[in-house]
Amino acid sequence: MHVIMTMGRTSKTDDSRSPGYHRLGDYFNGRRSPVRRALRYAGYVCLLMVAAGFGGFLYFVDSVTTLIPPENPRAEAIVVLTGGYQRIDQAVDLLKHGSGKRLLISGVNPSTTSTQIRRMTQSSAGLFECCVDMGYEAQDTIGNASETTRWIHDKGYRSVLLVTSNYHMPRSLYELRRINRDTDFIPYPVVNTDLKQANWYSDPDALRTLVYEYGKMVAAYARDITGWTIDGKGPASQP
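What you see is a predicted model; the values in this text were computed from it and never measured.

Basis of the calculations
- Going along each chain's sequence as written, the residues are numbered from 1 onward.
- The model is predicted, so local features are restricted to residues of pLDDT at least 70 and side-chain atom pairs to those at 80 or more, both for listing and for counting; the totals for chains, interfaces and linings are taken over all residues.
- To get the side-chain values, all heavy atoms of the structure are used, and hydrogens and water are removed first.
- Under the DSSP-based scheme used, a helix requires at least four consecutive residues in state H or I and a strand at least two consecutive residues in state E, with every element numbered from the N terminus.
- A 1.4 Å probe rolled over the protein chains alone gives each residue an accessible area, and that area as a share of the maximum for its type sets the label: buried under 20%, exposed over 50%, partly exposed in between.
- To count as a disulfide, a pair of cysteine sulfur atoms needs to be within 2.5 Å.
- Every definition here rests on a 1 Å grid over the protein atoms only: cavities are sets of points where a 1.4 Å probe fits but cannot get out, pockets are open sets enclosed by protein on both sides within 12 Å along at least five of seven lines, and lining residues have some atom within 4 Å of a point.
- Grid points are joined across faces, edges and corners, and a volume is the space filled by probe spheres set on the points.
- Each residue gets one of three labels, nonpolar for Ala, Val, Leu, Ile, Met, Phe, Trp, Tyr, Cys and Pro, charged for Asp, Glu, Lys and Arg, and polar for the others, Gly among them.

K.L.:
Now, about unusual backbone geometry: what can you tell me, with residues and values included?
P.N.:
Although it is not a glycine, N72 adopts a positive phi angle of roughly 50°. Position of N72 among the secondary structure elements: in the loop between α2 (34–65) and β1 (77–81). N72 gets classed as exposed once you look at its relative accessible area, which sits at 66%. Look at Q122: it is not a glycine, yet its phi comes out positive at around 55°. Relative to the assigned elements, Q122 resides in the loop between α4 (114–120) and α5 (125–131). According to the relative accessible area criterion, Q122 is exposed, its value standing at 69%.

K.L.:
Go over the state of the cysteines with me, naming the residues and quoting the values.
P.N.:
Under the criterion given, the structure shown has 1 disulfide. Across the disulfide from C130 sits C131; the S-S distance is 2.3 Å. When the S-S torsion is -85°, as for the bridge of C130 with C131, the disulfide is left-handed. By relative accessible area, C131 is classed as buried at 16%.

K.L.:
Lay out the layout of surface pockets in plain terms, naming residues and giving numbers.
P.N.:
Volume-wise, the second largest pocket comes out at about 160 Å³. Along the wall of the second largest pocket there are 13 residues; nearest its centre are T82, D140, T141, N144 and H168. Of all the secondary structure elements, the ones that give two or more residues to the lining of the second largest pocket are α6 (141–155) and α8 (204–226). Among the residues making up the lining of the second largest pocket, the classes are represented as 2 nonpolar, 6 polar and 5 charged.

Keep in mind that these numbers describe shape and distance, not what the molecule does.
Here's what the structure looks like:
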């Protein structure tokens, strides 16, 4: 009898607290719980964002790895964005072969002189004196676009060969065309490594470079969509 009564009291005690306990459980675990529903939708959104980001990255890599330099390129002028001596070598070689009348080397380190670059490219002093300009102001791709646009407007060019690395070409063209829609930019990608044949996904350096550049490309799109500069100081200037 004692055991039964004890059990009864215990059961009564459990039953007395069960309504509130079950209501709380129903709120968080019920099929129609707003919290659970919100978490489920948030999970779907995260999955969609990850899938979109991964798909965009694969598209970016495919577009980059299939870039090839045009045959017999011709333009009024040539612009090369610094970031490797191979880019400058290629741009100077294009100038020597008459692919453009004049060359701008944008984003030169302030400590680097035209004489150093001339010797590095094994070019004549006459070629640099007449046809090569050094741009020292640009510190990034956005700066390259501004420096190049001013140079183009000052010289009155309408068509320009753009020389930079293949992985850097999409963002360079995007920044240039964003603020200069009147100039015909002809891409001339410098291919340091055949990424399509080199299994870039198994090369840590190549993969890191592609992911980093893709992230910067996404940031550039986001900046223009939101109307804010990357440094967060205010609305981006309109082209």
